[in-house]
Structures are given as C-alpha cells and as structure tokens.
Amino acid sequence: MVRVGIVGAGAAAAAATAALDDAATETEITVLEKSRGLCGRAATRRRNGIVYDYGANYVKNDDERVVDLLTETLDTEGLVDIAAPVWTFDSDGTVSEGDDRGGRKWTYRRGLTQIAKRLFARTDATVERETRVETLLRTDERDGGSDAGDWYLADADGGRWGPFDVVLLNPPAPQTVDLLRSAEWDADVRDRLAEAIDDVPFRTIWTGVFHYPFELDRPYYALVNTDKEHDIGWIGREECKPGHVPDGESLLIVQANHEWSVDHYDEPHERNRERLAALAADLLGDQRVYEPDWTDHQGWRYALPEDGVARDPLQLAEAEGLYCLGDWVAGDARLHAALRNGLEVADRIADRG
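Residues numbered from 1 in each chain as written. Predicted model: local features only at pLDDT ≥ 70, side-chain atom pairs only at ≥ 80, totals over all residues. Heavy atoms only, no water.

As annotated in an unreviewed UniProt entry, the protein chain is NAD/FAD-dependent oxidoreductase from Natrinema altunense.

Right, here's the structure in full:
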C-alpha cells in the first residue's frame, strides 16, 4: 500500500490520481483542495442557463496520451469541439485571420471542470474540499519503525493529515514555494527546490465576463493578441461552444494582459469590468458591447507560467517522496500539458512501488 497525499485538485492532480488508482500498485489517496471547486484554472460557472469557462478556455489534442485519456479512458458524453477558428489582433486593434491554432479545441457541454470531476469520480480517492494546507511536515521515522520517515500535511483549521509515503504538490509555483519555505523538513533539497521554483515567472490575468441578450455575428471563436502590446490579451465567445449559451445570446470572456491585470488587480471590480467592456467594444467595433446586461469576473494572480523549473531539484525531492506537478512543471501553460505532467508523475510513483 502506497499512501499518497495531494495538495490541490487541479488538472494535473486529477490525472495523477486517476493514473495511480489504475496502477498495479495499491494506493490510498487523499486530496486536499482549498476551494469548493475542482480542476484549478480550468474552471466553470453557470448562470441563467449559461455555462462558461472563465479560466482555461479549452484543452487541445496536442498530446496522444491526453487524447486517449479524454476519448478512451473517460466517458465522452458531452465532450464537444469548438469548430470556429481563433483569429489574431495587434496593439492597434487590427484583426486578422491566420491563427486557428490547429487541431481540436475541446471542452464539455457542462464545462472544462468536468475533466477533474470525471477523473476523480473513477477513483477511490478521498477528496476534501475547502481544506487549505498550510504546513508540510517530514518526520525522522516512518510509522512502523523504518528510517525513511513519513510526510504529514497540516491544514488551516488545525487538522493533521497522514502519514503519507509520498506527497504531491499541485498549487501554482509561488504557492508551492510558500509551502516549502514553511515546511518542517530539515533537508538541503528543500531550499534548493524552493529557489528553483521561485524562479518560475507567472503572468497575472484579470478576467471579465460579459453577457448580451443578442448575437454577435463574427467568423471566429476568439481573438488573441500576438504582440502582447494591447491591454486585452484574449477575447473568447462562449456561444461558439456547443451547449454553453442559448441561441440569440452572447457571452464574452475578456482576459486582460499581464501589465493591465497587475496595475488594476486590486481596484474596484465594477470599475475594472467597465474598463474591459469598453476595450472589448472598441476592439470588436460594436458599442453595444459596452453595455452588457450582466457581468462576472475573476482575478488569477498566478495564471500562466512562462517557463518551467530546473529538473535536478525536482528529481532530488522525488527521491525523498515529494513530487511537484502542474503546467509550471511541464513548462507549458496549456491544459493538456498539465494533464500529461500528472500522468507522468503517477508513472514515476508507481515505478518506485
């Protein structure tokens, strides 16, 4: 029996949990998630009969193993492809064809969070939501007398979870660094690992959600800013996702660029929504966009990693039974990269027995 503790219930953690549950090695898995939801930034909300993915937009079919996971391992009911292309725009707001990003763009009729929900549902793992882990602890001796030591996780309410043979850390890199630096773990690799992870740069994204009681007639699903010089980085039309928005309505997901998001992150939400709606109206050339009939928002302080992490400290930590996983470990801010990384981490844990 391998006892596994996982911090965070993002896409990588969900993939790792499912793969470990399927492995030949018997496992006992406990997942501790600080929020009420699953799948991290692959997040979905519902309002007034509308489904919208307000973080990650879709999952690509760029990895064969992830394709098998979504189309063979998991139930494909409700799995849909976004047929319309992605176009581009520059700092002046000039819109152009030419970036359809290739391949499939998958989501679910019930939203991207279905990935984690379906992965966890096929396992015997214990998933504890609204449980914020604050401290990572390493003992000198393993329960039963071994010299290897055990891992424990302490939460914000004073709960203590464990013992675990291995622990997986799935939060964004900056939050993983905080856990490591506060850890009760007397080992040189702890500081080396924390320093390596602290070097991973992240982009901040402030997202506005805007609903309209009319259709926006455009030949594209989304626009992406290619030169990173516009205040908007991305606009997606959720009505292009089958099952998300009723006919005759529109819903825009407007993601500000990093600089704008950092500058306005702590300002009043209502004012930020007004600013983004105005920017979107100018970019789309339709002043009706300035006046949505309802709005929503989400700030992602640690949204997208812009690089990966050095491998040597990760490998040294894994020898001690501590694994990091997520898109920032893969070095690619894509949902399929996070899923693949979770599967690979599970392989290495299964191999150690």
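Student: How should I be thinking about the overall build of the protein chain in this particular structure?
Tutor: The number of helices and strands found in the protein chain is ten helices and 20 strands. By the compact-globule yardstick of 20 Å for 353 residues, the protein chain fits well, its C-alpha radius of gyration being 21 Å. In terms of overall dimensions, the protein chain has a C-alpha envelope of 70 × 40 × 35 Å along the principal axes. For the protein chain, buried positions account for 54% of its 353 residues. For the protein chain, the accessible area works out to roughly 15300 Å², and carbon and sulfur atoms hold 38% of it. (Helix = DSSP H or I, 4+ residues; strand = E, 2+ residues; numbered from the N terminus. Rg over C-alpha atoms; globule rule 2.2 N^0.38 Å. Buried < 20%, exposed > 50% of the residue type's maximum accessible area, 1.4 Å probe, protein only. Areas by Shrake-Rupley, 256 points an atom, 1.4 Å probe, with all protein chains shown as cover.)

Student: Which parts of the structure should I look at to understand helix H5 (residues 188-198)?
Tutor: Since one α-helical turn is 3.6 residues long, residues separated by three or four positions face the same way. For H5, the complete set of buried residues consists of Val189, Arg190, Leu193, Ala194, Ala196 and Ile197. For H5, the buried positions fall inside an angular range of 165° around the axis, keeping them on one side. (Arc of directions from axis to C-beta.)

Student: Teacher, can you tell me more about helix H7 (residues 269-284) here?
Tutor: Compared with an ideal rise of 1.5 Å per residue, which puts 16 residues at 22 Å, H7 spans 22 Å between its outermost C-alpha atoms and is within 8% of the ideal. Within H7 the residues assigned to the buried category are Asn272, Arg273, Leu276, Ala277, Ala280, Ala281, Leu283 and Leu284. Directly after H7, the chain includes Gly285, whose backbone phi takes a positive value near 65°. (Expected span 1.5 Å × (residues − 1).)

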